[in-house]
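Now for the letters of each chain:
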Amino acid sequence: MFTDKALENYAEVLLWGIKTARSGTYRKNDIILVRYDLAAVRLAEILQKKILQRGMNPVLRLSATATMELNFYALANPEQLVFQAPGDKELFEQVHGSIYLHAPDSLTHLSTVDSRKIGRAAVARKPLRDILNKREEKGLFGWTLCSCPTPAQARHARMSLGEYTKQISKACYLDKAHPVREWQGILKNATEIKKWLNAMSVKAYHIESERIDLTITPGEKRRWIGISGHNIPSFELFLSPDWRGTEGTYYANQPSFHNGNYVEGVRLEFKQGATIKIQAHKNESFVKKQLSMDQGANKVGEFSLTDIRFSKIDRFMANTLYDENYGGSYGNCHLAVGSSYSDTFSGNPARLTKEIKEKLGFNDSALHWDLINTESKTVSAVLKSGKKQVIYENGKFNY
């Protein structure tokens, strides 16, 4: 596990993360929600101290263990499945920042649970997430999250716990003398690339690899964002496209652990924006049920690219936070089915209404599932002028 010095560094990076992620500023007496898994309790203690020292109010919430989650889905009746605890809505309407410390004690504990029950519970919680999204759009809220090493993650990634811990330390720059400075430098470089991407007048993006032939339509009033403090680590640049223009085939060669289930080899075929064919080498039935969770679950909410010059992640981590930021030899792209991100709107997100989002093709769903491809690929921008320009190849943006 981490030394106290590494945890101190981790806490400082996370506080930089929520500060950077929020368009507004934090003030004395702001409320910061810290949700943490049991194995991350030491990091939660350090964060609590630092938040108090900054004059803000930490609200600490211990997450359910794997056994608790399994009990819930195995035993909850229909009313209990959608139950919302009194006070949650009121807290979400007032909170200014959120930090989640992910440290799971199991990755496959829900594999025997009917995934439709998981879907119903997720749909019931969506209004709470909508509250936070709206507060973020107004600059009133910022969030970030991280992962702490656990034996379960290390085992599924086929590493020792010590090796897994070193991977996290390297990826988050915790082994550097001044980790926050490292992140500030990455943000500066990424900002230049985002400016370059956003200056283009793009009709569509074409993604090609050994098993991908996909067209993504950015749509109107979109912008590339990323490396914004929201996730630690995060090296991806992404946008939420107009889901209606998605055509072709996407393949996720990276395995995925999602909602306590293991999935491998997901292949999706899109026509007029929606999936018309869903396949998977392992757990195909789970994938199909997840993508039928609600009306938006089978449509695209995000498209992302990671540059190998930023990411130090070079091994499968059995953790989407890391795997969606994989660097390796060719970087990665990932496609998220489900909900979109309103902060990829190029105007003022606070002015986005449900009607405007629908008109612009921002997808809405209780699902958001990142499916990752690490193959060598070429991404081309089809400009509105008719010209085609390669923007990404060999794991790098052509900036």
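Since we're looking at a predicted model, the values are computed, not measured.

Focus: helix H6 (residues 115-137)
Then step 1. A rise of 1.5 Å per residue sets the reference length of H6, with its 23 residues, at 33 Å; its end C-alpha atoms lie 31 Å apart and thus fit the reference within 8%.
Then step 2. Lys 126 marks where H6 bends most, by close to 35°; the proline Pro 127 follows one to four residues later.
Then step 3. Where H6 begins, the capping side chain belongs to Asp 114, and its oxygen is found 2.9 Å from the backbone nitrogen of Arg 116.
Then step 4. One or two residues past the end of H6 sits Gly 139, with phi positive at roughly 80°.

Section: the side chain of Ser 240
Then step 1. Positionally, Ser 240 belongs in the loop between strand E8 (236-239) and strand E9 (247-252).
Then step 2. At 2.6 Å, the side chain of Ser 240 and the backbone oxygen of Gly 301 are in polar contact.
Then step 3. Every residue in contact with Ser 240, bar those within four places of it in the chain, is listed here: Pro 218, Arg 222, Gly 301, Glu 302, Ser 340, Tyr 341, Thr 344 and Phe 362.

Some thoughts on the sheet that holds strand E7 (residues 225-226)
Then step 1. Taken in spatial order, the 5 strands make up an open sheet running E7-E8-E14-E15-E16, and their pairing is antiparallel. Each end of this open sheet is capped by a strand with a single partner; those strands are E7 and strand E16 (368-373).
Then step 2. Direction of pairing for E8 relative to strand E14 (residues 300-306): antiparallel, over a ladder of 4 bridges. Paired with Leu 239 across the two strands is Phe 303, which belongs to E14.
Then step 3. The strands that helix H9 (residues 179-198) touches are E7 and E8; relative to E8, the one it contacts most, it runs at about 30°.

A word on unusual backbone geometry
Then step 1. With an omega of 5°, the peptide bond running from Ile 232 to Pro 233 counts as cis.
Then step 2. Relative to the helices and strands, Pro 233 is located in the loop between E7 and E8.
Then step 3. Its identity as a non-glycine residue notwithstanding, Asn 29 has a phi of 75°, on the positive side.
Then step 4. Position of Asn 29 relative to the elements: it lies in the loop between helix H1 (4-21) and strand E1 (31-36).
Then step 5. Exposure remark for Asn 29: the relative accessible area of 48% places this residue in the partly exposed category.
Then step 6. Of note, Lys 221 is a non-glycine position whose phi angle comes to about 55°, a positive value.

With respect to the pattern of salt bridges
Then step 1. A full pass over the atoms with the stated rule returns 20 salt bridges.
Then step 2. Residue Arg 42 pairs with Asp 4 through a salt bridge whose shortest N-O separation is 3.5 Å. Placement of Arg 42 in helix H2 (residues 41-53) and of Asp 4 in helix H1 is noted, with a sequence separation of 38 residues between them.
Then step 3. Judged by relative accessible area, Asp 4 falls into the partly exposed class, the value being 43%.
Then step 4. The salt bridge involving Arg 211 is made with Glu 375; its shortest N-O contact spans 2.7 Å. Taken together, the residues span a long stretch of sequence, with Arg 211 in the loop between strand E5 (202-208) and strand E6 (213-216) and Glu 375 in the loop between E16 and strand E17 (378-383) at a distance of 164 residues.
Then step 5. Given a relative accessible area of 39%, Arg 211 falls into the partly exposed group.
Then step 6. Judged by relative accessible area, Glu 375 falls into the buried class, the value being 9%.

About the thresholds
- Residues numbered from 1 in each chain as written.
- Predicted model: local features only at pLDDT ≥ 70, side-chain atom pairs only at ≥ 80, totals over all residues.
- Heavy atoms only, no water.
- Helix = DSSP H or I, 4+ residues; strand = E, 2+ residues; numbered from the N terminus.
- Expected span 1.5 Å × (residues − 1).
- Bend = angle between axes of the 7 residues up to and from the residue.
- Polar contact = N/O pair within 3.5 Å; in protein donor to acceptor, adjacent residues only side chain to side chain.
- Contact = heavy atoms within 4.5 Å.
- Pairing = 2+ DSSP bridges.
- Axes fitted to C-alpha atoms, helices over the stretch in contact; angles between N-to-C directions.
- Buried < 20%, exposed > 50% of the residue type's maximum accessible area, 1.4 Å probe, protein only.
- Salt bridge = Lys/Arg side-chain N within 4 Å of Asp/Glu carboxyl O.

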